[in-house]
Amino acid sequence: MLGELDREQIDQVLRSEDIGRLGCIADGWPYVVPVTYVYDGGSVYVHSGYGLKLRAMRENPRVCLEVEQIRSEANWRTVVVRGRFDELSSEEEDRALAMLTTRLTRTEASETARLVQHDDIVRREEIHRPVLFRIRIEDKTGRFELI
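Residues numbered from 1 in each chain as written. Predicted model: local features only at pLDDT ≥ 70, side-chain atom pairs only at ≥ 80, totals over all residues. Heavy atoms only, no water.

**A few points about the overall build of the protein**
Here is step 1 of the chain: On a plain count of helices and strands, the protein comes out with four helices and seven strands.
Here is step 2 of the chain: When the helices and strands of the protein are read in sequence order from the N terminus, they spell out β-α-β-β-β-α-β-β-α-α-β.
Here is step 3 of the chain: Out of the 147 residues in the protein, the part that is buried amounts to 41%.
Here is step 4 of the chain: For the protein, restricting intrachain contacts to residue pairs at least 6 apart in sequence, the fraction spanning at least 24 positions comes to 68%.
Here is step 5 of the chain: Only carbon and sulfur atoms are counted for the fraction: they give 49% of the accessible area of the protein, which is about 8600 Å². (Helix = DSSP H or I, 4+ residues; strand = E, 2+ residues; numbered from the N terminus. Buried < 20%, exposed > 50% of the residue type's maximum accessible area, 1.4 Å probe, protein only. Contact = heavy atoms within 4.5 Å. Areas by Shrake-Rupley, 256 points an atom, 1.4 Å probe, with all protein chains shown as cover.)

So this is what it looks like as structure tokens:
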């Protein structure tokens, strides 16, 4: 059976997962990359190092996030969130940092996630303190298959 997820099911998928695929437009092309995130019921909070993804979102703030729960080819749920990239001010960073730190301590962390967890600045030319941002959700959709 194929179907649409209701609002409650969509929120459950977003709250239960912590890795999604961020979609944006970079240099005129679709660009999709995995990100670690946390969902607070109204926005999605993400961290990023400096690079193409951040530059692309600053140029075009319309983005999407796709989150999956896949048990098998015939048992899955997928949610797509569309919204706007919003780089956080220093006042907003504390709340986002607390949410992300809580989420990231439950899993094996990536290099940028470790920077968020410890609020470190890596003194290498190509890596800086991560940027914290949110996706202000404009709409959410979800689909499933279950046999």
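**Here's the deal with helix α1 (residues 7-16)**
Here is step 1 of the chain: By the burial criterion, the buried members of α1 are Ile10, Val13 and Leu14. Down the axis of α1, the smallest arc covering the buried residues is 95 degrees, so these residues share one side.
Here is step 2 of the chain: Along its buried surface, α1 packs onto β3 (29-39), β5 (62-72), β6 (75-87) and β7 (131-146).
Here is step 3 of the chain: Between a side-chain oxygen at the N-terminus of α1 and the backbone nitrogen of Glu8 the separation is 3.1 Å; the capping residue is Asp6. (Arc of directions from axis to C-beta. Polar contact = N/O pair within 3.5 Å; in protein donor to acceptor, adjacent residues only side chain to side chain.)

**A look at the environment of Asp27**
Here is step 1 of the chain: Checked against the element boundaries, Asp27 lands in the loop between β2 (19-26) and β3.
Here is step 2 of the chain: Sequence spacing of Asp27 and Glu59 is 32 residues, and the spatial spacing of their C-alpha atoms is 9.4 Å.
Here is step 3 of the chain: Contacts of Asp27, omitting those with residues within four sequence positions, involve Leu52 and Arg55.
Here is step 4 of the chain: Here Arg55 takes part through its side chain, which lies 3.3 Å from a polar atom of the side chain of Asp27.

**So, the state of the cysteines**
Here is step 1 of the chain: Throughout the structure, instances matching the rule amount to zero disulfides.
Here is step 2 of the chain: Here Cys64 stays free of any disulfide, with the sulfur of Cys24 as its closest cysteine sulfur at 8.5 Å.
Here is step 3 of the chain: Residue class for Cys64 comes out partly exposed when judged on its relative accessible area of 28%. (Disulfide = S-S within 2.5 Å.)

**Description of helix α2 (residues 52-59)**
Here is step 1 of the chain: Those residues of α2 lying buried are Lys53, Leu54, Ala56 and Met57. Taken end-on, α2 shows its buried residues confined to a sector of 160 degrees, consistent with a single buried face.

**Some details on the environment of Gly28**
Here is step 1 of the chain: You can see Gly28 is positioned in the loop between β2 and β3.
Here is step 2 of the chain: Taking the relative accessible area as the measure of exposure, Gly28 reaches 61% and is therefore exposed.

**Thoughts on the pattern of salt bridges**
Here is step 1 of the chain: Taken as a whole and judged by the stated rule, the model has 13 salt bridges.
Here is step 2 of the chain: Between Arg143 and Glu4 there is a salt bridge, and its shortest N-O distance comes to 4.0 Å. In this pair, Arg143 is assigned in strand β7 and Glu4 in strand β1 (residues 2-4), connecting sequence segments 139 residues apart.
Here is step 3 of the chain: The exposed category is assigned to Glu4, whose relative accessible area is 58%.
Here is step 4 of the chain: Among the salt bridges present, the one from Asp139 reaches Arg82, with a minimum N-O distance of 2.8 Å. Remark: Arg82 occurs in strand β6 and Asp139 occurs in strand β7; sequence separation between them is 57 residues.
Here is step 5 of the chain: Residues joined by salt bridges that share partners form a network here, namely Asp86, Glu92, Arg134 and Arg136. (Salt bridge = Lys/Arg side-chain N within 4 Å of Asp/Glu carboxyl O.)

**Things to note about the pairing of strand β4 (residues 43-48)**
Here is step 1 of the chain: Along β4, six of the six residues are buried, which leaves the element largely enclosed by surrounding structure.
Here is step 2 of the chain: Going residue by residue along β4, you find Ser43, Tyr45 and His47 tucked away on one face and Val44, Val46 and Ser48 tucked away on the opposite face as well.
Here is step 3 of the chain: Of the pairings in the sheet, the one linking β3 to β4 comprises three bridges and is antiparallel in character. Paired with Tyr37 across the strands is Val46, a residue of β4.
Here is step 4 of the chain: Linkage of β3 to β4, two consecutive antiparallel strands, is achieved through a turn of three residues, within which Gly41 is found at a positive phi near 100 degrees.
Here is step 5 of the chain: Strand direction decides the pairing type here: β4 and β7, joined by six bridges, are antiparallel. Of the residues in β7, the one forming a bridge with Ser48 is Val131. (Pairing = 2+ DSSP bridges.)

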